[in-house]
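Each chain, written out:
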Amino acid sequence: MLNPLAQELNGILKNSSASFLFSDFGERIYFPNGIIAQSGEAKKFGYTANGTIGTTIIDGRPAMLDAIHRHVPEFSSASLVGYAPTAGNPDLREAWRQDMIRKNPSLEFKEFSQPVLVPGLTAGISYVADLFFDQTKPLLAADPSWDNYALICEARRNAPFHQFRMFNDGKFDIDSLEAALRKECEANKSARLLLNFPQNPSGYSPTRAEAKKIVSILKELAEAGNKILCISDDAYFGLNYEDDIEPESLFAQTCDLHPNILAVKIDGPTKEDFVWGFRAGFVTFGCKGFSKEQYQALVTKLMGTIRSSVSCSSTPPQSFLLKAMTDESEEFEEQKLEYRAVLEERYKKVRAFVDSHSSKVIEPLPFNSGYFMSFAVKGKDAEELRQKLLHGCGIGTVSIDSKTLRVAFSSLEAEQIEEVYSSIYKIADEL
């Protein structure tokens, strides 16, 4: 028997694409009218005293050890050690929403949910998987793909993990994506697609023409009556190094594409803003025709997922990020541009090297953006190549699978690139 609060949320979402796409967990989850909800009421109406939250209050503020506070004296104790709301600091959520619109201008007049803060993009992917994947509801992603997708999908959710071929003959394989989507829809009248651009591990982003084709395929399938969950993992959003790349997230084009398409954007400052250890991300929903009540029901289910796992995200990263984003100076954006220029310089050095070298064993997969590039390893084992590079040359790389070796040029100093890539080609040809 479902909890009445879950039944209420399900009723609000009845007959929507979200309702059709929910996993068993997605149907069950709700946000309880417990400590967090009652504490929220007490903040508004408890004018005499508030005895709801397990926080030590002294002189009206959360207690904070001076041994900690003296290192960041400009921040209040509440912004450092106080609990954050389950869905995140509301001012930061709104600041991120406005920044999403700035970076994706076509979102300006579209309806979508308020971003919900989660403890890292991986957590965002995991929570979306909780809501929408199970034994009968598979995920479709690229081959090759980040290994955590399979871990989350198969091990956490016990859901099938299907893949389409990312590249064919040195190009993004639109035909493989379309065939895989059609196969999913034929089997289930639905598809759960995760697209990651710039992609990990290949470092590829679609051109404007390719992005347009992807959107066209999704719309055609939706018009045929299929329900589609389209997840945009935008971890490396905006780190584009070629002029023909689609500049906006696919979320901007899919969030109001068709009532049968539920779009989800998972993004955050981790890579975009060079704050890897902050472990802060955002999840945003979009679907044509959704009402504010329906968006709130989806957000509430996501809040229940957060509440049932980590309760809420860490407060200090939210406070630091909000301070940087709302500072009236332009330092935040200017400094990010400086670091992005560093990445682009490294990309260009790698691009120049691989364009001028060849091997019978390794071939670079298409790349034009992000932090990484990968080699297709032909006729040999990528793990063997990785081991020989590590123990023979002292060079660390990642074997994503038996046929794919990933190199994070983001972590290579510019002067290291020639030596590293020369070694990769040399060792590969010696296999």
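Structure shown above.
Calculation notes
- Residues numbered from 1 in each chain as written.
- Predicted model: local features only at pLDDT ≥ 70, side-chain atom pairs only at ≥ 80, totals over all residues.
- Heavy atoms only, no water.
- Buried < 20%, exposed > 50% of the residue type's maximum accessible area, 1.4 Å probe, protein only.
- Helix = DSSP H or I, 4+ residues; strand = E, 2+ residues; numbered from the N terminus.
- Pairing = 2+ DSSP bridges.
- Polar contact = N/O pair within 3.5 Å; in protein donor to acceptor, adjacent residues only side chain to side chain.
- Contact = heavy atoms within 4.5 Å.
- Axes fitted to C-alpha atoms, helices over the stretch in contact; angles between N-to-C directions.
- Parallel < 35°, antiparallel > 145°, perpendicular 65-115°, else oblique.
- Left-handed = near helix turned anticlockwise from the far one by under 90°.
- Nonpolar A, V, L, I, M, F, W, Y, C, P; charged D, E, K, R; others polar.
- Expected span 1.5 Å × (residues − 1).
- Arc of directions from axis to C-beta.

## Observations concerning the pairing of strand S15 (residues 404-408)
Consideration 1: Burial analysis of S15 places 5 of its 5 residues in the buried class, which makes it a mostly covered element.
Consideration 2: Side chains Thr404, Arg406 and Ala408 of S15 all project onto a buried face; the interleaved residues Leu405 and Val407 project onto the opposite face, where all are buried too.
Consideration 3: Pairing between strand S13 (residues 372-377) and S15: 5 bridges, direction antiparallel. Bridge pairing links Ala376 to Thr404 in S15.
Consideration 4: Sheet topology note: the strand S14 (residues 398-401)/S15 ladder contains 3 bridges and is antiparallel. For Ser399, the partnering residue across the bridge sits in S15 and is Leu405.

## Points about the side chain of Asp234
Consideration 1: Positionally, Asp234 belongs in the loop between strand S9 (227-233) and helix H11 (250-254).
Consideration 2: Residue classification places Asp234 among the buried residues on the basis of a relative accessible area of 3%.
Consideration 3: A polar contact is formed between the side chain of Asp234 and the side chain of Ser249, at a distance of 2.6 Å.
Consideration 4: Setting aside chain neighbours within four positions, we find Asp234 in contact with Leu121, Phe197, Ser249, Lys265, Ile266, Asp267 and Glu272.

## Things to note about the side chain of Ser17
Consideration 1: Positionally, Ser17 belongs in helix H2 (residues 17-21).
Consideration 2: Assessed through its relative accessible area of 2%, Ser17 is described here as buried.
Consideration 3: At 3.3 Å, the side chain of Ser17 forms a polar contact with the backbone oxygen of Pro259.
Consideration 4: Look past the residues within four positions of Ser17 in its chain and what remains in contact with it is Lys227, Pro259, Asn260, Ile261, Leu262, Cys287 and Phe290.

## Points about the sheet that holds S15
Consideration 1: With respect to topology, 4 strands assemble into an open sheet ordered S12-S13-S15-S14, the strand pairing being antiparallel. On the outer flanks of this sheet lie strand S12 (362-364) and S14, each paired with one strand and no other. The mean angle between the axes of side-by-side strands here comes to 35°, regardless of whether they run parallel or antiparallel.
Consideration 2: In the sheet, S12 pairs with S13 via 3 bridges, with the strands oriented antiparallel.

## Details of the packing of helix H7 (residues 121-132) against helix H13 (residues 292-307)
Consideration 1: The N-to-C vectors of H7 and H13 enclose an angle of 115°; their axes lie 10 Å apart at closest approach. If you check the angle between H7 and H13, you find them roughly perpendicular. Crossing of H7 over H13 shows right-handed handedness. Residues Tyr127, Asp130, Leu131 and Phe132 of H7 form the contact with H13, whose own contacting residues are Leu298, Lys301, Leu302, Thr305 and Ile306.
Consideration 2: Among the residues forming the contact of H7 with H13, the class breakdown is 6 nonpolar, 1 polar and 2 charged.

## Concerning the packing of helix H15 (residues 331-355) against helix H17 (residues 417-430)
Consideration 1: Relative orientation of the contacting elements H15 and H17 amounts to 35°, with a least axis distance of 10 Å. Both H15 and H17 take part in a crossing whose hand is right-handed. Two secondary-structure elements touch here, H15 through Arg346, Lys349, Val350, Phe353 and Val354 and H17 through Ile417, Glu418, Tyr421, Ser422 and Tyr425.
Consideration 2: Its residues placed into classes, the contact of H15 with H17 shows 6 nonpolar, 1 polar and 3 charged.

## Describing the environment of Ser19
Consideration 1: Following the sequence through the fold, Ser19 ends up in helix H2.
Consideration 2: Sequence separation between Ser19 and Lys265 is 246 residues, and the spatial gap between their C-alpha atoms is 18 Å.
Consideration 3: Residue contacts for Ser19: discarding those within four places in its chain leaves Leu13 and Lys14.

## Brief notes about helix H10 (residues 208-223)
Consideration 1: Its 16 residues place the ends of H10 23 Å apart at the C-alpha level, agreeing with the 22 Å of an ideal helix rising 1.5 Å per residue.
Consideration 2: Buried within H10 we find Glu210, Ala211, Ile214, Val215, Ile217, Leu218, Leu221 and Ala222. Buried residues in H10, looked at end-on, bunch into an arc of 155°, giving them a common side. Turned more than 90 degrees away from the buried face of H10, the exposed residues are Ala209, Lys212 and Glu223.

## A short note on unusual backbone geometry
Consideration 1: Omega for the bond connecting Asp143 with Pro144 falls within 30 degrees of zero, at 10°, which places this linkage in the cis form.
Consideration 2: Looking at the element boundaries, Pro144 is found in the loop between strand S4 (139-143) and helix H8 (147-156).
Consideration 3: Residue Pro198 follows Phe197 across a cis peptide bond; omega there is -15°.
Consideration 4: For Pro198, the position within the fold is in the loop between strand S8 (190-196) and H10.
Consideration 5: Here Asp169, not a glycine, exhibits a phi torsion of approximately 55°, which is positive.
Consideration 6: By the element assignment, Asp169 lies in the loop between strand S6 (167-168) and strand S7 (171-172).
Consideration 7: Positive phi outside glycine occurs at Lys189, with the angle close to 55°.
Consideration 8: When you line up the elements, Lys189 lands in the loop between helix H9 (174-188) and S8.
Consideration 9: Accessibility expressed as a relative area gives 42% for Lys189, which makes it partly exposed.

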